[in-house]
Amino acid sequence: MCYAISSIDYKNEGIVKIVTSIDACNKDKTIEAIYSQVERIKNMDYDPNQLEITKTLLCNSILGIYDDLDSLIDYYYESYISGFNYTIEEYCRKINEVKPKDISNVYKKYKHYFNYVLLGDKHE
C-alpha cells in the first residue's frame, strides 16, 4: 500500500507529521490504516518485544553518532540550543526506560489536525 512511511516530530512546534508515499488510488485505505495503527499504539496492541527491538536499534543508531564527528557536533549543538542536556549514554538510558504505557499516554494526547494529499499527474 505504501512505498514509504514515517513520522516526524517537530518538538518546538508541538506537532507530529505522518508522511507516506502512495498511489493516489490507495489514499483512503492508507489513511484508514494509519488511524488503525495509531489506535493500536494507544491501546498497546502490539508485541512488547517489538518495542524492545526498536529501542535497541535506536540506541545502536544513536551510539553511532560517535563514529562521525559532524554528527557528534550536530548532536551536542542541537542539544545545547534545545535545552536537551543529556549525554548520548544518558539519552540511550532514557530510551530504554520507556514502557508501552508511556508511549500510549503520549499518543493519547495527539489530536488529529488534517490530512494533506498531493496528487501528481500521469507523467510523474
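These remarks concern the structure in this document. Note that the structure is a prediction, hence the values are computed from the model and not measured. Starting afresh in each chain, residues are numbered from 1 along the sequence in its written order. Predicted model: local features are reported for residues with pLDDT of at least 70 only, side-chain atom pairs are reported and counted for 80 or more only, and whole-chain, interface and lining totals are derived from all residues. In computing side-chain values, all of the structure's heavy atoms are included and hydrogens and water are not.

Here's the deal with the nonpolar core
Throughout, nonpolar core names a set of buried Ala, Val, Leu, Ile, Met, Phe, Trp, Tyr and Cys residues whose side chains join them through atoms within 4.5 Å. Relative accessible area decides the class of each residue, using a 1.4 Å probe on protein chains only: under 20% of the type maximum gives buried, over 50% gives exposed, and in between gives partly exposed. In terms of nonpolar packing, the biggest core is built from eight residues, these being Cys 59, Ile 62, Ile 65, Leu 72, Tyr 75, Ile 88, Cys 92 and Ile 95. Working definition: helices are DSSP H or I runs of at least four residues, strands are E runs of at least two. Numbering for both runs from the N terminus. Residue assignment for this core shows that the elements contributing at least two residues are helix H2 (48-63), helix H3 (69-82) and helix H4 (88-97). Among the elements that take part in this core, H4 stands out by supplying three residues, more than any other. Contacts are residue-level and defined by heavy atoms, with any inter-residue pair within 4.5 Å sufficient. What Tyr 75 contacts, discounting residues up to four positions off in sequence, is Ile 65, Phe 84, Tyr 86, Thr 87, Ile 88 and Tyr 91.

Some points on H3
Note that an α-helix has 3.6 residues per turn; residues three or four places apart therefore point the same way. The terminal C-alpha atoms of H3 lie 20 Å apart, and with 14 residues this matches the ideal 20 Å at 1.5 Å per residue to within 8%. Among all positions in H3, only Leu 72, Tyr 75 and Ser 79 are buried. Down the axis of H3, the smallest arc covering the buried residues is 60°, so these residues share one side. Among the exposed residues of H3, those pointing more than 90 degrees away from its buried face are Leu 69, Asp 70, Asp 74, Tyr 77 and Tyr 80. Check the buried side of H3 and you find it contacts H4. Under this definition, polar contacts are N or O atom pairs within 3.5 Å; protein pairs additionally need one hydrogen-donor-capable and one acceptor-capable atom, and for neighbouring residues in sequence, both atoms have to be side-chain atoms. With a side-chain oxygen positioned 3.1 Å from the backbone nitrogen of Asp 70, the residue opening H3 is Asp 68. Multiplying one less than the number of residues by 1.5 Å gives the expected span of a helix. It is the directions from the helix axis to the C-beta atoms that the arc portrays.

Regarding a nonpolar patch on the surface
On the surface, Ile 5, Val 16, Ile 18, Val 106 and Tyr 110 cluster together to form a nonpolar patch covering roughly 410 Å² of accessible area. Here Tyr 110 is to be found in the segment after helix H5 (100-109). Judged by relative accessible area, which is 37%, Tyr 110 ranks as partly exposed. Surface patches are defined over residues having more than 30% relative accessible area and no salt bridge, joining like charges when they lie within 9 Å and nonpolar side chains (Val, Leu, Ile, Met, Phe, Trp, Tyr) when within 5 Å. Here the accessible surface of atoms and residues is derived via Shrake-Rupley with a 1.4 Å probe, and residues count as covered only by protein chains that are part of the display. In the sections that follow, a salt bridge refers to a side-chain nitrogen of Lys or Arg positioned within 4 Å of a carboxyl oxygen of Asp or Glu.

Details of the pattern of salt bridges
If you walk through the whole model with that rule in mind, you get four salt bridges. In this structure, Lys 27 engages Asp 28 in a salt bridge whose closest nitrogen and oxygen atoms are separated by 3.0 Å. Residue classification places Lys 27 among the partly exposed positions, given a relative accessible area of 29%. Here Lys 42 ties to Glu 39 by a salt bridge, and the two come within 3.1 Å at their closest N and O atoms. Here the residue Lys 42 and the residue Glu 39 both occupy positions in helix H1 (residues 27-42), the gap between them amounting to three residues, near one helical turn. Its relative accessible area of 19% is what places Lys 42 among the buried residues. For Glu 39, a relative accessible area of 38% puts it in the partly exposed group.

Details of the packing of aromatic side chains
Side-chain rings of Phe, Tyr and Trp (the six-membered ring for Trp) are treated as a pair once their centres are within 6.5 Å; stacked means planes under 30 degrees apart, edge-to-face means over 60, and tilted covers the remaining angles. Inspection of every chain in the model, using the stated rule, returns six aromatic pairs. Ring centres of Tyr 113 and Phe 114 lie 5.1 Å apart, and the angle between their planes is 70°; on these two criteria the pair is classed as edge-to-face. Linked through ring pairs, Tyr 75, Tyr 76, Phe 84, Tyr 86 and Tyr 91 together constitute an aromatic cluster.

Some remarks on the pairing of strand E2 (residues 15-22)
Should DSSP find at least two bridges between two strands, the strands are taken to pair. Bridging between strand E1 (residues 2-10) and E2 involves eight bridges; their strand directions are antiparallel. Directly across from Ser 6, in E2, lies its bridge partner Val 19. Two successive antiparallel strands, E1 and E2, enclose a turn made up of four residues, where Gly 14 displays a positive phi of approximately 75°.

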